[in-house]
Amino acid sequence: MDDLDRLVDKLDLEAKARLATGATVWRTAAEPAIGLEPMATSDGPAGVRGEGWDERRTSLSLPSATALAATWDESLARSMGELLADEARRKGVHVVLAPTLNLHRSPLGGRHFECYSEDPLLTGRIGAAMIVGIQSRGVAATAKHYVANDSETDRLTLEARVDERTLREVYLAPFEAAVRAGVWVVMSAYNGVNGPTMSENPLLAEPLKGEWGFDGVVVSDWGAVRSTVASARAAQDLAMPGPGSPWGAALVAAVRAGEVPESAIDDKVRRLLRLAARVGALPATTATTGRAATTATTATAPAPPTASSRDRALLRRVVAASTVLLRNEGGLLPLDPSTLTRIAVIGPNAARPRIQGGGSAGVYPEAPVTPLDGLRTALYGRAEIHHATGVHLDGPPAPLDIATARNPRTGEPGLLVRLLDAAGAEIHAEHRLSGRLPEPGGPIDDAAAVEISALLPGAEGSWDVAAAGWGRLHLTVDGRTVIDETVPRHTDDPATVHLAPPYRTLRLDLVPADLAPADLTPADLATNSAADPTIDRHADHMADRPAAPAADPARRRHVEVVLRRELVPGGGRACVLAAAPAPLDAAAAMAAAVEVARASDVAVVVVGTTEQAEGEGVDRESLALPGAQDALVSAVAAVNPATIVVVNSGGPVAMPWREEVAAVLVGWLPGEEGGNGLADVLLGRSEPGGRLPTTWADRALTSTTPRDGVLDYAEGPHIGYRGWLREQEPPAYWFGHGLGYTSWAYEELWAPERVVPDRPVRVHVRVRNTGPRPGREVVQVYLSRPHDGDRWLAGFAAVTAEPGERAEVVVELPARAFQHWAGAWCTAEGEVRVRAGRSAADLPLEALMTVSYG
């Protein structure tokens with residue numbers, strides 16, 4: 001009997017059942033009798049938010065998972081893992097709910113940004129490196145969402161129907177890599193696979209805990225445990241969130257009734273205690289071995305109090321390393337700053353980019369840098385920067401914030417939030433910085449309503465005003481009721497209920513009231529340009545909006561907006577108060593952008609998706625950019641041949657204008673250093689090091705819509721580039737594509753003529769830098785069977801070289817690359833074709849190998 005067994009023996013059934021359910025939304029239960037402390041969890045794929053949602057507690061915002069995979073760089077992935085762990089320790093978090101190892105089965109998947117790639121090998125290698133980085137600091141990583149949770153439509157209830165070979169070779173492969181990397185937590189998904197929902201699925205036992213030997217904790221996705229007996233008899237260990245769940249007292253009753261063996265509960269608790277020992281929430285035991293025992297001692301080491309300049313420099317480096325140069329006609333990039341006098345920065349995402357995907361993965365960044373700000377800083381004193389939005393994207397106005405609102409009680413930038421009892425009396429009040437409140441603070445369980453109020457200084461003319469929340473919404477503008485509606489909850493999806501309630505929006509003509517001088521605070525006397533979030537207050541030229549009028553120092557004009565949202569059972573707590581000036585006439589905005597582009601040396605057009613078009617809980621309807629962004633690009637390119645398009649999205653978008661422009665960059669959702677990293681790339685301070693982790697095309701080959709509750713993975717293993725290899729027309733850009741700022745010649749491939757099954761194989765590739773700059777090349781190696789149109793990524797490695805220099809890289813191909821699943825892993829004898837090159841389609845070198853047991 002080891003130490004963990006002795007601790008389990010000290011607990012009665014009620015105590016064990018209590019440990020198997022969360023104590024709160026984000027914490028596990030403590031057990032003082034054995035020295036067990038609670039463990040805090042936090043979402044974390046692109047930043048560690050910590051427990052709860054509060055914009056006053058900021059976090060570093062990292063590049064999205066797609067961006068990290070685009071680096072094809074395991075060392076950077078490990079560094080990002082270490083940074084996540086440092087953030088976690090800074091916030092008192094023991095378990096980071098990352099990485100997401102689901103695949104880009106379809107480009108329509110709404111949560112593309114949170115997953116790495118369409119390829120299981122690339123996903124597994126980047127994910128494993130992230131896991132090693134996180135756990136090297138004594139913080140647990142979580143491989144999620146096990147398994148086949150690859151789209152959002154009906155994600156809570158759909159059954160993914162996947163044949164066994166495809167499941168093993170494609171969708172389970174990244175999770176197997178995570179277990180080999182030593183991951184401490186695996187999260188079971190909402191969906192079912194070939195029948196049972198994943199919290200009850202036999203796949204939790206085999207292959208996860210049996211064949212692969214996973215000795216950690218299987219935690220449910222939040223609310224994914226929906227039964228008592230079936231899930232408890234399965235290899236599900238921890239039901240989150242708590243304290244209410246189908247386990248608890250019901251689990252105790254099921255054990256006593258003989259429906260669930262107590263030994264199954266013992267195993268769950270033993271795994272929880274092992275995890276606690278690894279992350280420092282339980283005194284060290286002899287039951288933690290290897291890396292787990294070593295790193296567990298680091299969990300109590302103090303973390304730096306704040307993010308450092310070194311952390312931000314790392315984020316900036318990853319932005320450049322992940323940026324993919326798809327097209328560079330005439331070598332326009334990199335730009336030479338000495339030749340630039342006037343640059344147009346155009347597009348809706350130039351001044352308001354999407355730096356993160358949102359949903360459960362969202363964080364509150366401390367100091368995000370926009371593309372406009374990044375270029376302005378980089379070229380300060382050297383070139384004029386002229387900005388025009390060009391188009392307005394449909395959607396609700398932005399939530400009020402410190403730039404657009406004032407607290408009516410204190411006059412400070414921000415908003416007043418009050419909790420009210422059933423009689424309307426105030427029971428709590430606080431100052432907040434944002435009108436988007438997933439979790440208002442204070443004694444919320446005692447409240448009957450939440451009220452958000454704000455002054456809009458200088459608001460006048462046509463404005464869009466919006467409120468969001470479930471239950472009754474009552475919105476007044478200067479005391480006049482404009483919305484009084486009960487919004488029924490129409491979904492059980494927690495991401496929608498708690499984070500994305502529906503908006504009610506209307507357009508109003510605002511006539512501001514006056515504040516007398518005696519009523520003014522110092523904050524009120526600030527310039528009223530802050531009232532308009534669309535005004536670029538630093539640009540040298542504002543093409544599409546007149547300057548705001550100067551403030552009268554003796555009198556301040558304002559509009560007061562007040563939202564009251566009643567709290568209803570099952571409706572969550574989220575509420576939003578939003579307002580912004582109505583957009584300008586579409587034709588005028590487009591014309592202004594065209595004129596700015598016409599008068600500039602270079603036009604940088606930043607286009608992208610919106611949270612409504614690409615986000616958690618909903619899949620995309622098409623790959624088209626929202627609004628009139630395609631027309632904007634074409635119009636700018638028609639008047640300026642030096643047009644560079646930067647795509648700000650988490651996944652592929654259609655680009656019908658790609659042959660019309662000089663250069664195209666994919667900047668992904670880049671995190672808070674996105675603007676600085678982009679400027680580094682555009683001006684040649686850094687090479688765009690990214691290679692596509694997913695094929696980019698104008699259409700999707702696979703659907704994300706279940707039929708009668710079933711999503712049939714009928715395409716088998718042929719997703720992404722493997723699917724496109726079977727099509728008559730090629731995609732726009734293949735998996736693995738990316739140009740960089742130099743050129744490469746592939747000169748020689750050496751591979752052994754004979755391969756012994758079940759052993760790794762090393763191939764050698766010699767390349768030469770034929771361009772004018774030092775560079776990095778990602779050498780990709782693919783395997784196929786002769787006379788078979790299919791091929792699959794078998795290995796990759798990066799090489800750097802100076803201009804004219806040759807370099808040789810060794811690429812190791814794991815034994816699994818030669819195997820297929822037929823009830824067990826099998827290696828077929830015979831010829832295998834090995835190809836090497838720059839993408840799934842650009843493979844100039846090839847050789848034949850023979851697999852033979854003899």
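Residues numbered from 1 in each chain as written. Predicted model: local features only at pLDDT ≥ 70, side-chain atom pairs only at ≥ 80, totals over all residues. Heavy atoms only, no water.

> Could you clarify how one ought to interpret the overall build of the protein chain in this entry?
The helix and strand tally for the protein chain stands at 20 helices and 36 strands. Relative to the globule expectation of 29 Å for 854 residues, the C-alpha radius of gyration of the protein chain, 28 Å, shows essentially globular dimensions. Seen through its principal axes, the protein chain has C-alpha atoms that stretch 90 × 70 × 50 Å. Considering the protein chain as a whole, with its 854 residues, one finds that 61% of them fall into the buried category. Restricting the contact set of the protein chain to residue pairs at least 6 apart, pairs at least 24 apart contribute 76%. Working note: accessible area of the protein chain is about 30,900 Å², and carbon and sulfur atoms make up 51% of it. (Helix = DSSP H or I, 4+ residues; strand = E, 2+ residues; numbered from the N terminus. Rg over C-alpha atoms; globule rule 2.2 N^0.38 Å. Buried < 20%, exposed > 50% of the residue type's maximum accessible area, 1.4 Å probe, protein only. Contact = heavy atoms within 4.5 Å. Areas by Shrake-Rupley, 256 points an atom, 1.4 Å probe, with all protein chains shown as cover.)

> What am I meant to see in the sheet that holds strand β26 (residues 710-712) here?
Hydrogen bonds between backbone atoms are what pair the strands of a sheet, whose relative direction is either parallel or antiparallel. Spatial strand order, β6-β4-β26: 3 strands in an open sheet with parallel pairing. Each of the sheet's edge strands pairs with one partner strand only, and the pair in question is β6 (192-193) and β26. (Pairing = 2+ DSSP bridges.)

> Teacher, can you tell me more about the pairing of strand β25 (residues 663-666) here?
Regular strands show a simple pattern: their side chains alternate between the two faces of the sheet. Side chains of β25 alternate between two faces, with A663 and L665 and V664 and V666 buried alike. The pairing of strand β24 (residues 643-648) with β25 spans 4 bridges and is classified as parallel. Paired with V646 across the strands is L665, a residue of β25.

> Before we go on, may I ask you to explain the side chain of E687 in this structure?
Relative to the elements of secondary structure, E687 occurs in the loop between α19 (674-682) and β26. One buried charged residue, E687, remains without a salt bridge, the closest side chain of opposite sign being R691 at 5.6 Å. Within the structure, E687 has its side chain in polar contact with the backbone nitrogen of Y741 (distance 3.0 Å). (Lys, Arg positive; Asp, Glu negative; His and termini not counted. Salt bridge = Lys/Arg side-chain N within 4 Å of Asp/Glu carboxyl O. Polar contact = N/O pair within 3.5 Å; in protein donor to acceptor, adjacent residues only side chain to side chain.)

> How should I be thinking about the nonpolar core in this particular structure?
Side chains of a nonpolar character, in soluble globular proteins, are inclined to be buried together. Residues M80, Y146, V147, Y171, V183 and L208 are the most contacted members of the largest nonpolar core, which totals 74 residues. Setting aside anything within four residues of it in sequence, one finds M80 in contact with L62, P63, L68, M130, L314, L315 and V318. Core analysis: the second largest hydrophobic core is formed by 51 residues, A15, A17, L36 and L272 among them. (Core = buried A, V, L, I, M, F, W, Y, C linked by side-chain atoms within 4.5 Å.)

> Can you help me understand helix α18 (residues 629-639) in this one?
Note that an α-helix has 3.6 residues per turn; residues three or four places apart therefore point the same way. Of the residues making up α18, those classed as buried are Q629, L632, V633, V636 and A637. The arc enclosing the buried residues of α18, seen along the axis, measures out at 125°, which places them on a common side. Where α18 is buried, its residues meet β9 (342-346), α14 (348-351), α17 (586-598), β23 (602-608) and β24. (Arc of directions from axis to C-beta.)

> Sorry if this is basic, but what is going on with the environment of N769 here?
Mapped onto the elements of the fold, N769 is located in strand β29 (residues 761-769). A residue is classified by how much of its surface remains accessible, and N769, at 0% relative accessible area, is buried. Sequence separation between N769 and E805 is 36 residues; the distance between their C-alpha atoms is 5.6 Å. When residues no more than four places from it in sequence are discounted, the contact partners of N769 are T742, S743, W744, P774, G775, A801, E802, P803, G804 and E805.

> Just to check I follow, could you spell out the sheet that holds strand β18 (residues 503-510) for this structure?
Spatially, β13-β22-β15-β18 is the arrangement adopted by the 4 strands of the open sheet, whose pairing is antiparallel. Strand pairing shows two members of the sheet lacking a second neighbour, β13 (436-437) and β18, which therefore form its edges. As paired elements, strand β15 (residues 461-468) and strand β22 (residues 575-581) share 6 bridges and run antiparallel to each other. Across the sheet, the residue bridging to D464 is A580, located in β22.

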